[in-house]
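Chains, contacts and geometry: an overview
Listed below are the residues making up each chain.
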Amino acid sequence: MGYTGHMITERFPKLAKLSPAEKWQVIIELEDALIDDVTLEEPLKSELSSLFESRMADFRENPQSAMSLDEARERLRNWKTGNSSVDA
C-alpha cells in the first residue's frame, strides 16, 4: 500500500481541523508510541549506543547543563509552534 499524500487525514478528517499546537501534540504522542514499537537495525543500535555514551560522558562532566525530559519536550513543543519565549 503506497502513500497517497493525504491518506491519514482522509481516514481521520478531524485531524485537519486541529490547531497547529494540537497537531504537534499528536505528532509527539505518535513519536512516543513509535519508540515502543520500533526494533532498531544493528548498525543503528551501535550508532545510537555510541551517541548515548558520548552524551552521558558530557553529562557526567557537566551535570548542570542537563534538562529533564519534560523540559526537553516543552522546549521542542515551543520551538515547533513558534513560541519565541524559548531560550536557546
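Residues numbered from 1 in each chain as written. Predicted model: local features only at pLDDT ≥ 70, side-chain atom pairs only at ≥ 80, totals over all residues. Heavy atoms only, no water.

**Regarding the overall build of the protein**
The line we're drawing: Comment: elements are numbered from the N terminus, with helices defined as DSSP H or I runs of at least four residues and strands as E runs of at least two. Note on classification: 1.4 Å probe, protein chains only; a residue is buried when its accessible area is under 20% of the maximum for its type, exposed when over 50%, partly exposed between these limits. The protein chains shown are the only cover counted for residues, whose accessible areas, like all others here, come from Shrake-Rupley with a 1.4 Å probe.
Across its full length, the protein carries 4 helices and 0 strands. Along the chain direction, N to C, the helices and strands of the protein fall in the order α-α-α-α. Here the protein holds 88 residues, and 5% of them are scored as buried. Here the protein displays about 7,800 Å² of accessible surface, and carbon together with sulfur accounts for 57% of that area.

**Structural notes on the pattern of salt bridges**
Formally: We define a salt bridge as a side-chain nitrogen of Lys or Arg found within 4 Å of a carboxyl oxygen belonging to Asp or Glu.
According to the stated counting rule, one finds 2 salt bridges in the structure shown. Between Arg-73 and Asp-32 there is a salt bridge, with its nearest N and O atoms 3.3 Å apart. Here Arg-73 is found in helix α4 (residues 69-81), whereas its partner Asp-32 is found in helix α2 (residues 20-37), with 41 residues between them in sequence. For Arg-73, a relative accessible area of 28% gives the class partly exposed. Across the pair Glu-74 and Arg-77 runs a salt bridge, and its minimum N-O distance is 3.6 Å. A residue pair is termed a helical-turn pair when its members lie 3 or 4 positions apart in one helix, as Glu-74 and Arg-77 do in helix α4 at 3 residues.

**Digging into the confidence of the model for the protein**
So the rule is basically this: Note on scores: pLDDT gives the predictor's confidence for each residue, bounded by 0 and 100.
On average, residues of the protein score 82 in pLDDT, and 86% of them are at 70 or above. Predicted confidence in the protein is weakest over helix α1 (residues 7-11), with a mean pLDDT of 85, and strongest over α4, with 87.

**Overview of the packing of α2 against α4**
For any two helices packed against each other, the geometry is given by the interaxial angle and the distance between the axes. Our working definition: Between N-to-C directions, angles cover 0 to 180 degrees, with each direction set by a line fitted to C-alpha atoms, over the stretch in contact for helices. Each angle receives one of four descriptions, namely roughly parallel if under 35 degrees, roughly antiparallel if over 145, roughly perpendicular if within 65 to 115, and oblique otherwise. Note: crossing handedness is left-handed where the near helix turns anticlockwise from the far helix by less than a right angle, and right-handed where it turns clockwise. Note on definitions: a residue-residue contact is assigned when non-hydrogen atoms from the two residues lie within 4.5 Å.
One way to put it is that α2 packs onto α4 with a least axis distance of 10 Å and a crossing angle of 135°. Classified by the angle their axes make, α2 and α4 are oblique. Relative to α4, α2 is oriented so that their crossing is right-handed. Note on element contacts: α4 touches α2 through Arg-73, Arg-77, Lys-80 and Thr-81, opposite Ala-21, Trp-24, Gln-25, Ile-27, Ile-28, Glu-31 and Asp-32.

**Regarding the layout of surface pockets**
Selection rule: Lining residues are defined by having an atom within 4 Å of a point belonging to a cavity or pocket. Those points lie on a 1 Å grid over the protein atoms alone, cavities being sets where a 1.4 Å probe fits but cannot get out and pockets being open sets with protein on both sides within 12 Å along at least five of seven lines. Grid points are joined across faces, edges and corners, and a volume is the space filled by probe spheres set on the points. Throughout this entry, Asp, Glu, Lys and Arg are counted as charged residues, while Ala, Val, Leu, Ile, Met, Phe, Trp, Tyr, Cys and Pro are counted as nonpolar. The remaining residues, Gly among them, count as polar.
When its volume is computed, the largest pocket comes out at roughly 410 Å³. In this structure, the largest pocket is lined by Leu-48, Leu-51, Phe-52, Arg-55, Met-56, Asp-58, Phe-59, Ser-65, Ala-66 and Met-67. Among the residues forming the lining of the largest pocket, the class breakdown is 7 nonpolar, 1 polar and 2 charged.

**Description of α4**
Defined as follows: Helix span, as expected, comes to 1.5 Å for every residue beyond the first.
Under the 1.5 Å per step criterion, the end-to-end length of α4 is 18 Å for 13 residues, consistent within 8% with the ideal 18 Å. Gly-82, located one to two residues past α4, shows a positive phi value of around 80°.

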